[in-house]
Every structure is written in C-alpha cells, then in structure tokens.
Amino acid sequence: MLLTLRVHGSRLCLGITGQQRRRLLASSAAEEAKKVTTPQQPLQLEINGGTYATDSWTNVTPKILSHLGLNKHLQRDHPLSIMRQRIVNYFYGAYRNQRGNPLFSVYDQLNPVVTVQQNFDNLLIPSDHVSRQKSDCYYINREHLLRAHTTAHQVQLISGGLDNFLVVGEVYRRDEIDSTHYPVFHQADAVRLVTKDKLFERNPGLELFEETWSGSLADPKRILSSSKCMDQTKQPCHTLEAVKLMEHEMKHVLVGLTKELFGPRIKYRWVDTYFPFTQPSWELEIYFKDNWLEVLGCGIMRHEILQQAGVHQSIGYAFGVGLERLAMILFDIPDIRLFWSNDSGFLSQFSEQDLQNQPKYKAISHYPQCTNDLSFWLPPDVEVDAGFSPNDFYDLVRSVAGDVVEQIRLVDKFKHPKTGKSSVCFRIVYRHMERTMTQAEVNEMHKQIADASVESFNVQIR
Ligand code: DAH
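As a starting point, this report considers the structure included with it. Since the model is a prediction, treat every value here as computed from it, not as a measurement.

1. Quick notes on the site of the ligand
- Of all residues adjacent to the ligand, which total 14 residues, the nearest are His149, Thr151, Arg173, Gln187 and Asp189.
- One nitrogen or oxygen atom from the side chain of histidine 149 is found 2.9 Å from a nitrogen atom belonging to the ligand.
- Within the contact set of the ligand, an oxygen atom lies 2.7 Å away from a side-chain nitrogen or oxygen of aspartate 189.
- Relative to its free-state accessible area of 360 Å², the ligand is covered by the protein chains to the extent of 88%.
- Ranked by residue count, the leading element in the shell around the ligand is strand S12 (residues 314–322), at 3 residues.

2. Some thoughts on the pattern of salt bridges
- Scanning all chains against the criterion turns up 23 salt bridges.
- For the salt bridge of aspartate 343 with arginine 431, the shortest nitrogen-to-oxygen distance reads 2.8 Å. In this pair, aspartate 343 is assigned in the loop between helix H11 (323–331) and helix H12 (344–347) and arginine 431 in the loop between strand S17 (422–430) and helix H14 (439–457), connecting sequence segments 88 residues apart.
- Salt bridges here are not isolated pairs; linked through shared partners, they connect Arg76, Asp77 and Glu352.

3. A closer look at helix H4 (residues 79–94)
- For H4, which comprises 16 residues, the first-to-last C-alpha distance of 22 Å matches the rise-based estimate of 22 Å (1.5 Å per residue) to within 8%.
- Most of H4 sits inside the fold, with 12 of its 16 residues counted as buried.

4. A closer look at the nonpolar core
- Phe91 and Leu146 are the most contacted members of the largest nonpolar core, which has 72 residues in total.
- Looking at this core, the element that brings in the most residues is helix H9 (residues 240–262), giving 9 residues.
- Leave out the neighbours within four places in its chain, and phenylalanine 91 touches Phe104, Leu166, Val253, Leu254, Leu257, Tyr317 and Phe319.

5. Regarding the environment of glutamate 176
- Tracing the sequence through the fold places glutamate 176 in the loop between strand S7 (164–172) and strand S8 (184–195).
- Look at glutamate 176 and you get partly exposed, because its relative accessible area is 47%.
- Ignoring sequence-local partners within four residues, the contact set of glutamate 176 consists of His181 and Tyr182.

6. Examining the packing of aromatic side chains
- Applying the stated criterion across every chain yields a total of 23 aromatic pairs.
- Aromatic side chains tyrosine 95 and phenylalanine 104 sit 5.2 Å apart centroid to centroid with 35° between the ring planes, which places their arrangement in the tilted category.
- Take tyrosine 95: its relative accessible area is 8%, and that puts it in the buried class.
- One aromatic cluster is present, formed by Phe376, Phe388, Phe393, Tyr394, Phe426 and Phe457 through successive ring pairs.
- In this arrangement the basic side chain of lysine 267 is found over the ring face of tyrosine 287, its NZ or CZ atom lying 4.3 Å from the centre.

7. So, empty space enclosed by the protein
- Following the criterion strictly, the structure yields 1 cavity of 30 Å³ or more and no others.
- For the largest cavity, the calculated volume is near 40 Å³.
- What lines the largest cavity is Leu257, Thr258, Leu261, Phe262, Val295, Leu296, Val321 and Leu326.
- Breaking the lining of the largest cavity down by element, the ones donating at least two residues are H9 and strand S11 (291–301).
- It is H9 that contributes the most residues to the lining of the largest cavity, 4 residues altogether.
- Residue classes in the lining of the largest cavity are distributed as 7 nonpolar, 1 polar and no charged.

8. Remarks on the sheet that holds strand S16 (residues 405–415)
- The 4 strands lie next to each other as S16-S17-S13-S18, forming an open sheet whose pairing is antiparallel. Edge positions in the sheet fall to S16 and strand S18 (460–461), since each of these pairs with one other strand and no more.
- Examined bridge by bridge, S16 and S17 share 9 bridges and lie antiparallel to one another. From the neighbouring strand, leucine 410 faces S17, where its bridge partner is phenylalanine 426.
- In the packing of H14 onto the sheet, the strands contacted are strand S13 (370–377), S17 and S18, and the crossing angle to S13 comes to about 25°.

9. Brief notes about the layout of surface pockets
- In this structure, the second largest pocket spans a volume of roughly 750 Å³.
- Residue lining of the second largest pocket: 22 residues in total, with Ser348, Gln349, Arg398, Glu406 and Gln407 positioned closest to the centre.
- At the level of secondary structure, the elements contributing two or more residues to the lining of the second largest pocket comprise H12, helix H13 (390–401), S16 and S17.
- Broken down by class, the residue content of the lining of the second largest pocket amounts to 8 nonpolar, 6 polar and 8 charged.
- When residues are assigned to domains, the lining of the second largest pocket turns out to be shared by domain 1 (44–211 + 230–348) and domain 2 (370–461), each giving three or more.

10. Some remarks on the packing of H4 against H9
- At a minimum axis separation of 10 Å, H4 and H9 run at an interaxial angle of 135°. The angle between H4 and H9 places the two elements in the oblique class. Two packed elements cross with a definite hand, and for H4 against H9 that hand is right-handed. Between H4 and H9, the residues in contact are Met83, Arg86, Ile87, Tyr90 and Phe91 and His252, Val253, Leu254, Gly256, Leu257, Glu260 and Leu261, respectively.
- Class assignment of the residues belonging to the contact of H4 with H9 gives a composition of 8 nonpolar, 2 polar and 2 charged.

Calculation criteria
- Residues numbered from 1 in each chain as written.
- Predicted model: local features only at pLDDT ≥ 70, side-chain atom pairs only at ≥ 80, totals over all residues.
- Heavy atoms only, no water.
- Near = heavy atom within 4 Å.
- Polar contact = N/O pair within 3.5 Å; in protein donor to acceptor, adjacent residues only side chain to side chain.
- Areas by Shrake-Rupley, 256 points an atom, 1.4 Å probe, with all protein chains shown as cover.
- Helix = DSSP H or I, 4+ residues; strand = E, 2+ residues; numbered from the N terminus.
- Salt bridge = Lys/Arg side-chain N within 4 Å of Asp/Glu carboxyl O.
- Expected span 1.5 Å × (residues − 1).
- Buried < 20%, exposed > 50% of the residue type's maximum accessible area, 1.4 Å probe, protein only.
- Core = buried A, V, L, I, M, F, W, Y, C linked by side-chain atoms within 4.5 Å.
- Contact = heavy atoms within 4.5 Å.
- Phe/Tyr/Trp six-rings, centres within 6.5 Å; stacked < 30°, edge-to-face > 60°.
- Lys NZ or Arg CZ within 6 Å of the ring centre and 35° of its normal.
- 1 Å grid on protein atoms, 1.4 Å probe; cavity = no way out; pocket = protein on both sides within 12 Å on 5 of 7 lines; lining within 4 Å.
- Points joined across faces, edges and corners; volume = space filled by probe spheres on them.
- Nonpolar A, V, L, I, M, F, W, Y, C, P; charged D, E, K, R; others polar.
- Pairing = 2+ DSSP bridges.
- Axes fitted to C-alpha atoms, helices over the stretch in contact; angles between N-to-C directions.
- Domains from an automatic or database assignment.
- Parallel < 35°, antiparallel > 145°, perpendicular 65-115°, else oblique.
- Left-handed = near helix turned anticlockwise from the far one by under 90°.

Scope: geometric values only; no functional claims are made or implied.
Listed below in structure tokens is the structure:
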C-alpha cells in the first residue's frame, strides 16, 4: 500500500508502503503523536509529478487538490476562458513590437505548486504578514504551497529573461464558501519592464535611478520586516520622472483594459493602496450597480524584486486581476460556485465565437435535466441548410414546448449512401424552472415536437 496522495486530475490513492512505515516508526515520538491525531494525513503527497513529504504545516485536502488540472480558464466557451482571452487579446493589441507582433507572452499552464520563497519571500512579503498564515493558505508542507496569487511566478519568469508577460491560472486561498467566495479562483497577473532608452526615448537626458542611490541590493532584513510605512510617491532608488512616466503608461493601459471590458462609459477611480511588492501601489475601482467595486491591483514594482531576478537597468509595473469577479460583473453571474459547474445549462450560455458580445447569464433551474434525442429523415432532395434550416426547427420546438426546453443542439447529420436521403439528430434538454418533470411528461412533449415536425417539415421520424 502507498502512503501517498497522488493528484493528477482525479487519481487519488491513500495507503502506506513498507519503507514509509519504517520511516514513520523511526520518526520522533512527537511527530508520531501528531500522525495519530491526524490519521488521514499521508506521509507524502504526489502532486503534478512532484513528491512532497508532509509535515505539521500540511493542510491541503483531497477536495482542494481535486481542482488541480481542471483549468477552467482554458476550457472552451467557459466564461473564465472568455475573460482570459479578452485580457490577453487586449494586451496583444496594446503592445506590439516593430514588426507588429505582440510584445507580451502568456503563461497559462504554470504549475500551481510553488515554494514559500516564490509566493512570499521573492515578493518581499514580510515574514510576519497575515497572508502567510496556515489559516489563509493551502500548504503542502512548510516549504511548498498551492500558489495564493499568480504574482508568485514573477521572479522566475523575469530571471528567465522575460520583460513583458502575463500569467493566468487558478489560485488557492482558505476561505469560506458562499456566493462570492470560493477557495479556488483565477487571476491574471502582468509584468512590463522598460529600460531607460525606451522610457525616455523622447527625453534622452533623463535617468531611471537617483544619482545618490548606491545601486546595492536592499538589506534582506529590511525586506522581511513588516513595515507598512511606505512612501506612496516613489521608491528611494527611482527618479520621480521615471515613476511618473511608468505610472502614466500603466494607468492608461489599465483604464483601456477596463473600458474594453466594461464599455467606454464605465465610471472608474484610482485608490492609493499598499502591496509589499509594489511602490507606489493602486487599486482601480469601477462604479457598478450603485457601488464602487475593486477590479485590480497594480503598482511600480519594487526594485529589489528586479535585482533578485538579475535585472538592474529597468523599471517595471505589474498588476493583478481576479477573473471571477470580472466575469460575475460582466455576465451578471450571481454565484461564484457556478464557475465550477459542469451543468450544460450554465456552460451552454457562453460562447467564445464572439468574445465581445456575450449575453447576460440567465438563472438555471435547480431541478434535474432530462435529455431526449429526436432523429428524422428529411424529405428527398432536402438537406441541412438546403431546404431545411435548424433554426426553423428550434423555433418549432420553442413554440411547442416553451421554456421547459433549456437547450437544443444538432448532434448528428448524415446522408444515406443509397437513398441519398439526409438524416438529422437533435438533442433536446428539458428542465422545468419550478419542479421536477416526470419522464412521462417529457416523453409526451417530445412526441408533440415529433408530430409537429412531421407536419411542418414533412420529415419522417426514425
Ligand atoms: N497579488 C495581488 C493579490 O492577489 C494582486 C496584485 C497587486 C498583483 C499588485 C500584482 C500587483 O502584480 O502589482 O491580491
């Protein structure tokens, strides 16, 4: 037996190997006592191909781990995937190189298992910051956790030589579950770095860094002390001109994104805030349904972060945005749990064919769906879209059955090789808004649709 919780999609397995049992016996009495009090906890976890020894920090659960790899932000027609594409497309359009190619690269499949170093230390999050608490994060062990924000990948990507990139993915935070909170949600994070030559193309005399600044690395002790007293004007190393120009560009681009998403007349405002990894920092709020709602956080990147990543001659801005929040506002989705629904009544309402024009979400019924197929032969010489239009059939179904039909889809069509006749099959999903429908009731309605089709389209039911 394996004492391993293996997670990749839905593969979970719990048990003990002989070697692990020996290790368990050899471990200290205190450790052992802990294992006894938490008997379900395996000695090690296997997640996305990595093996992690558990310890007193481990608090991930099989339920939370089951979200890894679901990739709702990449699922075709999913509202989170539509949000991802709209943000990415906006950035592709907003920044192009001299050849006209997008400047930003996109990372949307990075492993959500990160180190404490990546999630916190690299981003100068103080060692006593509340966000590090066990009660707030999903720890795999004392060194690894499920990323609490997509910002966790900044240093790794900058170190790899990137200077314009977007990271999109799911993040994990311990939270209550209600209509606006779920412990797994999605973020997009972006970084843009520019050098002096680019920033001051038109003002070559200006500098990124203060002449008086020594250029040496910040004292790590200072990085890790929890002092919120930060000057909102600028970091000591930067010149005011550099910060103001970056701020201007960043705000211009982010207001552009907001208008692209919510329309050109959206009311917005900038609010000063604090993030350990940016200085100065802002939140962008939009006015929606009589309330100011925070939609994103951003700022001028702390120079220590760039230095750690080996970048010494650039200034950067970064921002982070939650996808669920945007989608809930944009599509009028009332409950964050719907994003995890596999109910086709939810998913069929969105389509990435036309990213800009999405309908508002219509509440789906809590009652069960009932699916029936209807196949028929079209009259001789008639084919789909040549004498028979599926849209006509959809209208007929709606006029016969009304709102209890939730979805209709053409699932199959073929032409008989000998007779030359065409056959079609439609899948009709029935669901009542107020009660459970009986199968007999659905069958009766289905028969009425079949009869009406024979009459209207001269088809032959198969
Ligand atoms: N990581 C922040 C959060 O999860 C959001 C954020 C703020 C990201 C500012 C950034 C940034 O990259 O510059 O709340």
